[in-house]
Amino acid sequence: MRFFFAADVHSSETCFRKFLNAIDIYGADVAMLLGDLRGKVIVPIVQSHDGTYSTDFLGRKTVIKNEAELAQLEKKVGAVGYYPYRSTVEEIAKIQSNPELMDALFLKFFTERIESWSKLAEERLAKSKAKLFIAAGNDDPLEIEDTLNKSTRFMNVGDKKFEVDEHEIICCTYSGLSPWKTPRECEEDELANRIQSLTSQVRDFENSIFMMHDPPIDTILDVCPKLSEDMTPSATDEIHAGSKAVLDAIKKYQPLLSVHGHIHESKGVIEIGRTICINPGSEYAQGVLRGAIVDIAKGKVKTKMLTSG
Ligand SMILES: [Fe+2]
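So, a few notes on the structure that sits alongside this text.

Turning to empty space enclosed by the protein, a few remarks are in order. According to the stated counting rule, one finds two cavities of 30 Å³ or more in the structure shown. The wall of the largest cavity is formed by 13 residues, among which Leu34, Gly35, Met211, Met212 and His213 lie closest to the centre. Secondary structure elements with two or more residues in the lining of the largest cavity: strand E10 (167–172) and strand E13 (209–212). A breakdown of the residues in the lining of the largest cavity according to their chemical character gives nine nonpolar, four polar and no charged. Of the voids in this model, the second largest cavity is the one considered here, and its volume is about 40 Å³. For the lining of the second largest cavity, a count of residues per class yields six nonpolar, two polar and three charged.

Here we take up the coordination of the iron ion. The protein atoms donating to the iron ion are Asp36 (OD), Asn138 (OD1), His213 (NE2) and His262 (ND1), with metal-donor distances spanning 2.2 to 2.3 Å. Its four donor atoms give the iron ion angles of 87 to 163° at the centre, a pattern that matches the irregular case. Along the chain, the residues that donate to the iron ion are spaced as D-x101-N-x74-H-x48-H. Of this pair, Asp36 sits in the loop between strand E2 (30–34) and strand E3 (42–47) while His262 sits in the loop between strand E16 (257–259) and strand E17 (268–272), placing them 226 residues apart in sequence. With relative accessibility at 2%, the residue Asp36 sits in the buried group. On the accessibility criterion, His262 (16% relative accessible area) is buried.

Time to look at the nonpolar core. Formed by 38 residues in total, the largest nonpolar core has its most connected members in Phe16, Phe19, Leu20, Ile23, Leu33, Leu37 and Leu132. Counting residues per element, this core draws most heavily on helix H4 (residues 99–124), at eight residues. Phe3, Ala7, Ile209 and Ile278 belong to the second largest nonpolar core, which has 23 residues in total.

Examined against the element boundaries, Ser197 turns out to sit in helix H6 (residues 188–199). Taking the C-alpha atoms as reference points, Ser197 and Thr152, 45 residues apart in sequence, are found 27 Å from one another.

Sheet architecture is open: six strands sit in the order E9-E10-E13-E16-E18-E17, paired in mixed fashion. Lying at the two open borders of the sheet, with one neighbouring strand each, are strand E9 (161–164) and E17. Put simply, the sheet's adjacent strands are angled 20° from each other on average, direction ignored. Pairing analysis gives four bridges linking E9 to E10, with the strands arranged antiparallel.

In this structure, Thr232 sits in the loop between strand E14 (223–227) and strand E15 (233–240). The exposure class of Thr232 is partly exposed, given its relative accessible area of 41%. In this structure, Thr232 is in contact with Lys226 and Leu227, ignoring residues within four places of it in sequence.

Cut-off values and rules
- Residues numbered from 1 in each chain as written.
- Predicted model: local features only at pLDDT ≥ 70, side-chain atom pairs only at ≥ 80, totals over all residues.
- Heavy atoms only, no water.
- 1 Å grid on protein atoms, 1.4 Å probe; cavity = no way out; pocket = protein on both sides within 12 Å on 5 of 7 lines; lining within 4 Å.
- Points joined across faces, edges and corners; volume = space filled by probe spheres on them.
- Helix = DSSP H or I, 4+ residues; strand = E, 2+ residues; numbered from the N terminus.
- Nonpolar A, V, L, I, M, F, W, Y, C, P; charged D, E, K, R; others polar.
- Donors = N, O, S within 2.8 Å, 3.2 Å for Na, K, Ca; no water.
- Tetrahedral: all angles 85-135°; square planar, octahedral: opposite > 155°, others 65-115°.
- Buried < 20%, exposed > 50% of the residue type's maximum accessible area, 1.4 Å probe, protein only.
- Core = buried A, V, L, I, M, F, W, Y, C linked by side-chain atoms within 4.5 Å.
- Pairing = 2+ DSSP bridges.
- Axes fitted to C-alpha atoms, helices over the stretch in contact; angles between N-to-C directions.
- Contact = heavy atoms within 4.5 Å.

Set out below in structure tokens:
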């Protein structure tokens, strides 16, 4: 059975379309799109009194004169995972001064993106027999669960135990604490409890698969630049930002496979005891879909390969 995993696409339209295409190209029986799913930037497209629009997208100021140009710009904005927002100077000022309005706007755009992805997956994979799974990550607000649950082509497996053939799979969407104060982060003790509530449902760890957004700490899967007090990434200093609770669970239960995300810079494959641990990494902002193919046969991982395209 061939599994295809990708993570941290952060609302990138390009990466999502590549993910759908990859299922057929790689011949995956099971495809899993793991968190984080939410985009990080809203791009205001400001309407002037003369009817034209202007925007500052990726450092480039542009004036847009007609609907065709607007549609083209919005496509470019969505491709990198941002949300285009047609608005006025007054509306933008109001939203920028009110964090609650800003959160609500992000949730609206995020919800619309997931709904459109769900529809696209239905259309593109109408004839495919591949099983599709999706899960949130620490960046994704809890309110998105309803929308993920409504998808008819994806099954939402966030914070659940589920089964694919003889494999029991558990999925934890939470991470340890981060500097970003995200919706699904918690102290290591709480993370350990969350993992425990999932592992307590597993009967056969030998054939089990862990999907835990946070990678195990102190490995090559969790290295990222150290942040300064003003949150600037260091060019030279690195830290391990993974989770001890995740590492402990892998060591204790020794699943067949453990798949992670969260730390975009730290793609890699390692072994912790008998467990193959993978972080596919992420380059969503560049429109590159990073992924991992894993072939499992007769209770063993036969092939493990990182992909990029
Ligand atoms: Fe994350």
